[in-house]
Amino acid sequence: MSEQNPYEKLGVSEDASFDEIQDVRSRLLEQHSGDAKRLEVIEAAYDAILMERLKMRQEGKIKVPERIRYPERLVQAPPKETQSPREQSPLWLQTMLDKPTPQDILLPGVWYLGLSTISVFYQAGGDSVLQMALLLGIGVCVYFLSRKEGKFGRSVLFTLLGLILGLIAGGFLAAWIVPQIQQFINLNQNQFSTVVAFLLLWLISSFLK
């Protein structure tokens, strides 16, 4: 076997395809797996053929398969695990958000729907009725929040923040919305702000923990 010709070392012809060369190399490596010197000769011959064909490719004489030019493309990237929106959210948000059951959503909803109805349609008591409804709304939110993880102080804090934000947002919206709907329903700005606050308290009691 000629020491100068890597094709002869592998036992392939010079016009053999790359697939044929790879098959012969794999077969020889398996056949001489216990002979370190023979394995070194096989690998050296294969490397020499590879370098020769790359050189010929650069000279435009042959087209080298992409798996030789870009072997990294053969490595398949591990499949990306799809994450739920909650898993993709920041850690601080995950610690605050709850996965409520239908019951966790409906029970506070019924309470706040009733309180909103009283605030809108019970006109006789005036502002005292709204104040009483707000007190009940605060109690409902604190109850449903604290029963989830038993954190009473945190529940009170979230409830008060929700109440304040709801009343502020309701005040801003009332100046624009109330005049538009007064022709359909007798509603003042304080009543509208109270309903907005109840809506926010319902969201807090249902979806926070």
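Residue positions are given per chain, counted from 1 along the sequence in the order it is written. Only residues with pLDDT of at least 70 get local features here, since the model is predicted, and only at 80 or more are side-chain atom pairs given and counted; chain-wide, interface and lining totals rely on the full set of residues. Side-chain numbers come from the whole structure's heavy atoms, not from hydrogens or water.

A.B. asks: Before we go on, may I ask you to explain the packing of helix α2 (residues 18-31) against helix α3 (residues 36-58) in this structure?
C.D. replies: Working note: a packed helix pair is described by the angle between its axes plus the distance between those axes. Lines fitted to C-alpha atoms define the axes here, with helix axes fitted over just the stretch in contact, and angles between the N-to-C directions of these axes take values from 0 to 180 degrees. Every helix listed is a DSSP run of H or I at least four residues long, and every strand listed is a run of E at least two residues long, numbered separately from the N terminus. Look at α2 against α3: their axes get within 10 Å of each other, and the N-to-C directions meet at 170°. The orientation of α2 relative to α3 falls into the category roughly antiparallel. Between α2 and α3 the crossing geometry is left-handed. Contacts between α2 and α3 pair F18, I21, Q22, R25, L28 and L29 from the former with L39, I42, E43, Y46, I49, L50 and R53 from the latter. Residues are grouped as follows: nonpolar covers Ala, Val, Leu, Ile, Met, Phe, Trp, Tyr, Cys and Pro; charged covers Asp, Glu, Lys and Arg; every other residue, Gly included, is treated as polar. Residue composition of the contact of α2 with α3, by class: 9 nonpolar, 1 polar and 3 charged. Convention used here: angles under 35 degrees read as roughly parallel, angles over 145 as roughly antiparallel, angles from 65 to 115 as roughly perpendicular, and any remaining angle as oblique. Less than a right angle of anticlockwise turn of the near helix away from the far helix marks a crossing as left-handed, whereas a clockwise turn marks it as right-handed. Residues count as neighbours in contact if any of their non-hydrogen atoms are within 4.5 Å of one another.

A.B. asks: Help me out: how do you make sense of the packing of aromatic side chains in this one?
C.D. replies: Centre distance and the angle of the planes are the two values used to describe a pair of aromatic rings. Aromatic rings from Phe, Tyr and Trp, taking only the six-membered ring of Trp, are treated as a pair when their centres fall within 6.5 Å; an angle between ring planes under 30 degrees marks them as stacked, one over 60 as edge-to-face, and anything in between as tilted. For the coordinates displayed, the defined rule picks out 3 aromatic pairs. When the centroid spacing of 5.7 Å and the interplanar angle of 35° are considered together, the rings of Y112 and F198 count as tilted. Note that Y112 is positioned in helix α7 (residues 102-121) and F198 in helix α10 (residues 189-207), a separation of 86 residues in sequence. For the ring pair W202 and F207, a centre distance of 6.3 Å and an interplane angle of 80° mean the geometry is edge-to-face. By relative accessible area, which is 23% here, W202 ends up partly exposed. Geometrically, a charge over a ring is one whose NZ (Lys) or CZ (Arg) sits within 6 Å of the ring centre while staying within 35 degrees of the ring normal. A cation over a ring is seen here: R25 above Y46, with NZ or CZ 4.3 Å from the ring centre. Each residue gets one of three labels from its accessible area relative to the maximum for its type: buried under 20%, exposed over 50%, partly exposed in between, using a 1.4 Å probe on protein chains only.

A.B. asks: Teacher, can you tell me more about the pattern of salt bridges here?
C.D. replies: A side chain with one charge may pair with a side chain of the opposite charge, provided their charged atoms come close. In what follows, salt bridge is the name for a side-chain nitrogen of Lys or Arg lying within 4 Å of a carboxyl oxygen of Asp or Glu. Considering all chains together, one arrives at 2 salt bridges under this definition. The partner of R25 in a salt bridge is E43, and the shortest N-O contact between them spans 3.3 Å. Here R25 is found in helix α2, whereas its partner E43 is found in helix α3, with 18 residues between them in sequence. Measuring nitrogen to oxygen at the nearest pair gives 3.6 Å for the salt bridge that ties D104 to R147. Note that D104 is positioned in helix α7 and R147 in helix α8 (residues 127-149), a separation of 43 residues in sequence. On the accessibility criterion, R147 (40% relative accessible area) is partly exposed.

A.B. asks: Which parts of the structure should I look at to understand a nonpolar patch on the surface?
C.D. replies: Surface patches are defined over residues having more than 30% relative accessible area and no salt bridge, joining like charges when they lie within 9 Å and nonpolar side chains (Val, Leu, Ile, Met, Phe, Trp, Tyr) when within 5 Å. Exposure was quantified through the Shrake-Rupley algorithm and a 1.4 Å probe, taking into account, for residues, occlusion by the shown protein chains and nothing else. A grouping of M132, L135 and L136 is seen on the molecular surface, where their side chains present a nonpolar patch of about 310 Å² in accessible area. Mapping M132 onto the fold places it in helix α8.

A.B. asks: Teacher, can you tell me more about the packing of α8 against helix α9 (residues 152-181) here?
C.D. replies: Orientation of α8 relative to α9, taken along the N-to-C sense of each, is 140°, at an axis distance of 9 Å. Regarding the angle of α8 to α9, the classification is oblique. Crossing of α8 against α9: the hand is right-handed. For the pair α8 and α9, the contacting residues are L134, I138, C141, V142, L145 and S146 in the first and F152, S155, V156, F158, T159 and L163 in the second.

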